[in-house]
Amino acid sequence: MAARPEVSVFSAAGQASGKLALPQVFLAPIRPDVVRTVHRDMAKNRRQAQGVARRAGHQATAESWGTGRAVARIPRAGGGGTHRSGQGAYGNQCRGGHMFSPLKVFRKWHRRINRDQRRYATVSAVAASAVPALVMARGHKVDEVSELPLVVDGIDKFSKTKEAVKALAALDAEEDCQRVAATEAFRQGKGKMRNRRYTNRRGPLVVFADADGVKAFKNVPGIDTCNVDALNLLQLAPGGHVGRFVVWTKAAFEKLPAIFGGFDEKSAAKKGYNLPRPTVTISDVQRVLGSAEVKKACRDRVRSAQRFRKATNPFASKKAMNRLNPNAKVQKGQAKVKKAAKKN
């Protein structure tokens, strides 16, 4: 999580033009497990119901031969004089048969997601976008970017794509767009015929406070745009992986405290909502347990005066036998002498 009191605001030319207080949403706990779960269910809600034909795989006229003929009881095509006669039909293991567990339109295609979980996942994804290590781990090229979160003033006034490209170059975000353009490839499978011909990676996400300036970024490869009032987890954490490179307009960044509130302040947009608090503020548990404050609060370890010895078989351990019978060593030696005398 980013823990700076202020964030620099950059102009479209890449120069620092001011500072803003860091909203508390960037200090929220980052929970990749919650993000993955919510993303998985949200992605299912875009699906359309589909199913196979009611009689698919049952067009053949077939009947089982029953028992007693040393063949499986699968229905078999009737007739004679062709290869088809006597072949299995209908079953999912048969040529031309139905599929196993056929898709139905009344299947449960969509998922209901708990509102607080949705909000927790969105907050986590926003907080992760301010951690350079997570952004770089996701594959974004942000080595030259001055600061994360990246707040820019003036890009919401653009109306031309060339202005947007020039601003991205000045902010050192152009390298990430070039990475996306270089990864464009033909889609494998039938999606090529279904208006999904190309695939590529995800680049920066530009967040606006309103619709102004969105058109300028529309045709830049890899750039996605969204409104700060409708932040979408599918865009903030594509594939369920936190750490998207986000470019905030100044107006959108200033609206974050009102949308998400704080740890002690209620949100103005979400009724009765507070930011989730971290379970532990220091992740180094060993350091916490070894700290002077914790040791002072704990009582001293009770040392028992009674000592317990592990049970050992004396016939398998010489040491245990000598402890139980100090004369065992002498007796063993005498037995050896007697045995040697008998041989002689």
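Relevant structure appears above.
What you are looking at is a predicted structure, and each value in this text was computed from that prediction instead of being measured.

As a further point, take the layout of surface pockets. Unoccupied space between atoms shows up once a probe the size of one water molecule is rolled over them. Taken as a whole, the largest pocket spans an internal volume of roughly 740 Å³. Each residue belonging to the lining of the largest pocket can be placed in one class, and the counts come to 5 nonpolar, 8 polar and 9 charged. Thr122, Asp229, Ala230, Leu231 and Lys270 are, among the 15 residues lining the second largest pocket, the residues nearest its centre. Sorting the residues of the lining of the second largest pocket by element identifies helix 2 (115–128) and helix 7 (250–260) as the ones contributing at least two each. Ranked by residues supplied to the lining of the second largest pocket, first place goes to helix 2 with 4 residues.

As a general feature of sheets, a regular strand has side chains that alternate between the two faces. Burial of strand 10 (residues 246–249) is two-sided: the residues Val246 and Trp248 facing one way and the residues Val247 and Thr249 facing the other way are all buried. Sheet topology note: the strand 5 (residues 150–153)/strand 10 ladder contains 3 bridges and is parallel. The partner of valine 151 across the bridge, within strand 10, is tryptophan 248. When strand 8 (residues 205–208) meets strand 10, the two strands line up parallel, connected through 3 bridges. When the bridges of strand 10 are listed, valine 207 appears paired with tryptophan 248.

Moving on, we come to the pattern of salt bridges. According to the stated counting rule, one finds 8 salt bridges in the structure shown. Three or more residues are tied together by salt bridges with common partners; here these are Arg202, Asp224 and Arg244.

Counting residues in each nonpolar core, the largest one holds 41 residues, and the members touching the most others are Phe26, Val207, Leu231, Trp248, Phe253 and Leu256. The set of elements that each furnish at least two residues to this core consists of strand 1 (6–11), helix 1 (32–44), helix 2, strand 8, helix 6 (233–236), strand 10 and helix 7. Excluding residues that lie within four positions of it along the chain, leucine 231 makes contacts with Thr122, Val126, Val207, Cys226, Leu236, Trp248, Leu256 and Phe260. By size, the runner-up hydrophobic cluster in this structure holds 23 residues, among which are Val145, Leu148, Phe158 and Val220.

What counts as what
- Residues numbered from 1 in each chain as written.
- Predicted model: local features only at pLDDT ≥ 70, side-chain atom pairs only at ≥ 80, totals over all residues.
- Heavy atoms only, no water.
- 1 Å grid on protein atoms, 1.4 Å probe; cavity = no way out; pocket = protein on both sides within 12 Å on 5 of 7 lines; lining within 4 Å.
- Points joined across faces, edges and corners; volume = space filled by probe spheres on them.
- Nonpolar A, V, L, I, M, F, W, Y, C, P; charged D, E, K, R; others polar.
- Helix = DSSP H or I, 4+ residues; strand = E, 2+ residues; numbered from the N terminus.
- Buried < 20%, exposed > 50% of the residue type's maximum accessible area, 1.4 Å probe, protein only.
- Pairing = 2+ DSSP bridges.
- Salt bridge = Lys/Arg side-chain N within 4 Å of Asp/Glu carboxyl O.
- Core = buried A, V, L, I, M, F, W, Y, C linked by side-chain atoms within 4.5 Å.
- Contact = heavy atoms within 4.5 Å.

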